[in-house]
Amino acid sequence: MGEDIEKAYILHAKDVYKYLLSITGGNTHLSEELTQETFFRAMRTINSFDGSCKLSVWLCQIAKHLWYQHLQKQAKRRHDELSHDLQGDNSPEDNIVLRSEKTALYKAIRTLPENMREVVHLRLTGEFTFAEIGEILGKTETWARTTFYLAKLKIIEKMEEKQ
């Protein structure tokens, strides 16, 4: 079993790291940590891998789950930081406008179906091509391109509704 994970690491660590790098907004340190944790979890749960998808896809699913866990932990900490940030150098009016625009964008992205959200994150924050996105998500390059285009249209539509 140890040799299997070692082989999987050699074959897929770069892809898992690249995937994590894209969804963490380019945070190399966090991506490295989560890549290591992904393979640690994979080693512990390798018996649950049923072969219904590619091993790289399964590993990226573990990585995504770890990323979501990290975000949940961060959200608990951010409440206090957010209050402090709103008292920065900008005027209160500027802070309200900036926060409103940022909130509207994130809300628009958040309303997208999960597959669209993933494609948007992989494309905008990572260096993934549409072919790589298709591979990671177990779809075709055409599917990734189309999904990204439709997601952009939905985001624009939601943003225009807010104005």
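**Brief notes about the environment of glutamate 32**
Within the fold, glutamate 32 resides in helix H2 (residues 28-45). On the accessibility criterion, glutamate 32 (44% relative accessible area) is partly exposed. Distance in space between the C-alpha atoms of glutamate 32 and leucine 20 is 8.3 Å, their sequence separation being 12 residues.

**A word on the packing of aromatic side chains**
The final tally for this structure, using the stated rule, is three aromatic pairs. When the centroid spacing of 4.9 Å and the interplanar angle of 75° are considered together, the rings of tyrosine 9 and phenylalanine 39 count as edge-to-face. Placement of tyrosine 9 in helix H1 (residues 2-23) and of phenylalanine 39 in helix H2 is noted, with a sequence separation of 30 residues between them. Accessibility expressed as a relative area gives 34% for tyrosine 9, which makes it partly exposed. We classify phenylalanine 39 as buried; its relative accessible area is 5%. Residues phenylalanine 49 and tryptophan 58 carry aromatic rings whose centres are separated by 5.1 Å and whose planes lie at 45° to one another, so their mutual orientation is tilted. Take tryptophan 58: its relative accessible area is 10%, and that puts it in the buried class. Against the face of phenylalanine 130 rests arginine 123, its NZ or CZ located 4.1 Å from the ring centre. In this structure, lysine 139 packs its charged tip against the face of tryptophan 143, placed 5.4 Å from the ring centre.

**Quick word on the environment of leucine 55**
The topology assignment puts leucine 55 in helix H3 (residues 55-85). Among the residues examined, leucine 55 registers a relative accessible area of 24% and is labelled partly exposed. In sequence terms leucine 55 and histidine 12 are 43 residues apart; their C-alpha atoms lie 8.4 Å from each other. Look past the residues within four positions of leucine 55 in its chain and what remains in contact with it is Ala8, His12 and Phe49.

Conventions adopted
- Residues numbered from 1 in each chain as written.
- Predicted model: local features only at pLDDT ≥ 70, side-chain atom pairs only at ≥ 80, totals over all residues.
- Heavy atoms only, no water.
- Helix = DSSP H or I, 4+ residues; strand = E, 2+ residues; numbered from the N terminus.
- Buried < 20%, exposed > 50% of the residue type's maximum accessible area, 1.4 Å probe, protein only.
- Phe/Tyr/Trp six-rings, centres within 6.5 Å; stacked < 30°, edge-to-face > 60°.
- Lys NZ or Arg CZ within 6 Å of the ring centre and 35° of its normal.
- Contact = heavy atoms within 4.5 Å.

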